[in-house]
Each structure stands twice: as C-alpha cells, then as structure tokens.
Amino acid sequence: MDNGTEFVSKKFDAWAYYNKVKLDYIRPGKPVDNAFIESFNGKFRDECLNTNIFNSLGEARSKCESWMLDYNTLRTHSSLNDLSPTEFAKRQNNQDQEMKKLTYELVQ
C-alpha cells in the first residue's frame with residue numbers, strides 16, 4: 001500500500017484493524033515497489049477524477065463505474081498485446097478450448 005496522504009488516516013487504520021485487514025505499506029519514496037497500481041492510479045486520476053466534477057456521491061460512483069467498465073472491458077492495454085481485456089479473455093478461452101481438444105485427440 002502507498003504511504004500517500006490518502007492512506008495515513010486514523011479512521012482508515014481503525015477500519016482496517018476492525019475488519020482484520022493487514023495493511024502492507026510500500027517503502028516511502030519507492031513507488032516502483034507497486035508499479036502496476038501506481039500506473040492505474042495515475043490513469044484513474046488523470047482520466048476520471050481530474051476530468052469530472054462530481055455534484056454528489058451517486059454521481060461520483062456512476063462516473064467512476066463507467067470509467068472502470070471501459071478500462072476493464074473495452075480499452076486496449078499494452079500488457080495484453082494491445083487487446084481489450086474482453087478480447088484477450090475471448091482469445092485465451094479459445095486457446096484453452098483448442099488445447100483441450102488437442103489433448104483429447106492425443107489420448108484417443
């Protein structure tokens with residue numbers, strides 16, 4: 001977990017303790033310890049939080065959920081060979097099915 005100001009709240013710490021959540025902080029000044037989440041947080045902040053004005057908690061939830069739906073299903077990701085997560089999952093499933101078929105044919 002990042003040591004940023006959003007994560008030093010006494011209320012958050014109390015919530016974690018009450019819910020038996022172990023907080024595991026990264027080393028101060030070492031965001032590369034958690035590069036994937038740092039990258040995601042930057043994209044989320046730049047593309048969603050900084051580009052919208054939220055007039056209510058419900059509106060914030062709705063806009064954030066729309067952004068996450070796009071990010072998690074439609075948007076291409078370089079880590080997935082520039083495929084969307086949906087397309088990557090489809091291809092992976094097709095490869096898995098093909099592998100099962102080949103394995104079945106080999107044992108026959």
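The sections below set out a description of the structure shown in this document. (Residues numbered from 1 in each chain as written. Predicted model: local features only at pLDDT ≥ 70, side-chain atom pairs only at ≥ 80, totals over all residues. Heavy atoms only, no water.)

Comments concerning the pattern of salt bridges
Line of reasoning, step 1. Scanning the model with the defined rule gives four salt bridges in all.
Line of reasoning, step 2. A salt bridge links Arg-75 to Glu-47; the nearest nitrogen and oxygen atoms lie 2.6 Å apart. With Arg-75 in the loop between α3 (57-74) and α4 (85-107) and Glu-47 in helix α2 (residues 35-49), this residue pair connects regions lying 28 residues apart in the sequence.
Line of reasoning, step 3. Among the residues examined, Arg-75 registers a relative accessible area of 23% and is labelled partly exposed.
Line of reasoning, step 4. Judged by relative accessible area, which is 34%, Glu-47 ranks as partly exposed.
Line of reasoning, step 5. Notably, a salt bridge pairs Glu-87 with Arg-91, separated by 3.2 Å at the nearest N-O pair. Of this pair, Glu-87 and Arg-91 both sit in helix α4, four residues apart, roughly one helical turn. (Salt bridge = Lys/Arg side-chain N within 4 Å of Asp/Glu carboxyl O. Helix = DSSP H or I, 4+ residues; strand = E, 2+ residues; numbered from the N terminus. Buried < 20%, exposed > 50% of the residue type's maximum accessible area, 1.4 Å probe, protein only.)

So, the nonpolar core
Line of reasoning, step 1. Of all hydrophobic cores here, the largest spans five residues; its members are Phe-44, Cys-48, Cys-64, Trp-67 and Tyr-71.
Line of reasoning, step 2. Counting residues per element, the ones that place at least two in this core are α2 and α3.
Line of reasoning, step 3. Phe-44 has contacts with Leu-49, Cys-64 and Trp-67, leaving out every residue within four places of it along the chain. (Core = buried A, V, L, I, M, F, W, Y, C linked by side-chain atoms within 4.5 Å. Contact = heavy atoms within 4.5 Å.)

Concerning the packing of aromatic side chains
Line of reasoning, step 1. Considering all chains together, one arrives at six aromatic pairs under this definition.
Line of reasoning, step 2. For the pair Phe-12 and Trp-15, a centre-to-centre distance of 6.0 Å together with 20° between the ring planes defines the contact as stacked. Of this pair, Phe-12 and Trp-15 both sit in helix α1 (residues 10-18), three residues apart, which is roughly one turn of the helix.
Line of reasoning, step 3. The partly exposed category is assigned to Phe-12, whose relative accessible area is 25%.
Line of reasoning, step 4. Within the aromatic cluster, the residues linked to one another by ring pairs are Phe-40, Phe-44, Trp-67 and Tyr-71. (Phe/Tyr/Trp six-rings, centres within 6.5 Å; stacked < 30°, edge-to-face > 60°.)

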